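# Understanding the architecture of this molecule
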Amino acid sequence: MIADNRARTLEIIKRLKRAYPTAHCALNHTTPFELLVATILSAQCTDERVNIVTADLFQKYRGPQDFASASQEELERDIHSTGFFRNKAKSIRAASQRILDDFGGEVPNTMDEILTLAGVARKTANVVLGNAFGISSGVVVDTHVSRLSQRLGLTKEKTPEKIELDLQALVPKRNWVMFSHWLIFHGRQICHARGPKCTECVLANQCPSYKKVEGWR
């Protein structure tokens, strides 16, 4: 195992890039606004479920004007299966109205501005800025990224905000957007929460948790 953590991170990036050349944002979207809505819906919900819901949702609601004009009750029904539908509907309607009122109908592309939208915290902001605008504003930390970063010894922190800071210090900025996608793909295919496939892992000899995780196989 490479002793220097930054050098080891670069090796991890090289291997993940080779293993997952088609890694990408799993939320289906065609515009920054659609990605914003999909990301808000993805809280405590699988990407697969969100994609099922948005397939019809984005046909019914074409942009921020349609969402802002929708009744709370109707939008709740349309997104019900994603969970937490009341808060999500409220956030989407409020964010849509602010986009119309303050940003000319377009999703803002700076961290300070996008954080003023309802339902948007750093994770959502990083997803939209990175994948819709190609802006490396930070590292998206979801459950997969959190779990793998800890197992790989890239951080000892527990909160997404602190994990992100540790990753930003190790991962070159040019890789911030893709690093999350590579870890998410690896987490879904190999490094599961329970029963990780350690013997099939391309990172095995660079992972301090190799064969130490409960249920490894």
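Right above here is the structure, for reference.
Heads up: these notes are all about the structure in this document.

The rules we used
Residues numbered from 1 in each chain as written. Predicted model: local features only at pLDDT ≥ 70, side-chain atom pairs only at ≥ 80, totals over all residues. Heavy atoms only, no water. Salt bridge = Lys/Arg side-chain N within 4 Å of Asp/Glu carboxyl O. Helix = DSSP H or I, 4+ residues; strand = E, 2+ residues; numbered from the N terminus. Contact = heavy atoms within 4.5 Å. Buried < 20%, exposed > 50% of the residue type's maximum accessible area, 1.4 Å probe, protein only. Arc of directions from axis to C-beta. Expected span 1.5 Å × (residues − 1).

Attention now moves to the pattern of salt bridges. Any two side chains of opposite charge can pair, on the condition that their charged atoms come close. Tallied over the entire structure, the rule returns seven salt bridges. Salt-bridge contacts for Asp78 lead to Lys60; the nearest nitrogen and oxygen are separated by 2.9 Å. In this pair, Asp78 is assigned in helix 5 (residues 72–79) and Lys60 in helix 3 (residues 47–60), connecting sequence segments 18 residues apart. In the salt-bridge network here, residues are joined through shared partners; they are Glu11, Lys14 and Arg15.

Attention now moves to the side chain of Arg151. Following the sequence through the fold, Arg151 ends up in helix 9 (residues 143–151). With near-sequence residues (within four places) excluded, Arg151 lies in contact with Cys191, His192, Ala193, Pro196, Cys207, Pro208, Ser209 and Val213.

Attention shifts here to helix 10 (residues 160–170). Within the sequence span of helix 10, burial applies to Ile163, Glu164, Leu167 and Leu170. All buried residues of helix 10 lie within an arc of 125° about the axis, which places them on one face of the element. Exposed side chains of helix 10 directed beyond 90 degrees from the buried face belong to Glu161, Leu165 and Ala169. Looking at the packing, one finds that the buried side of helix 10 touches helix 1 (5–19), helix 8 (122–132), helix 9 and helix 11 (176–189).

It is worth spelling out helix 6 (residues 85–102) at this point. Along its 18 residues, helix 6 runs 25 Å from first to last C-alpha, staying within 8% of the 26 Å computed at 1.5 Å per residue. Within helix 6, burial applies to Phe85, Lys88, Ala89, Ser91, Ile92, Ala95, Ser96 and Ile99. Projected down its long axis, helix 6 shows its buried positions confined to an angular sector of 165°, all on one face. In helix 6, the exposed residues that point more than 90 degrees away from the buried face are Arg86, Asn87, Lys90 and Asp101. Among the residues trailing helix 6, Gly104 stands out with phi positive, at a value near 65°.

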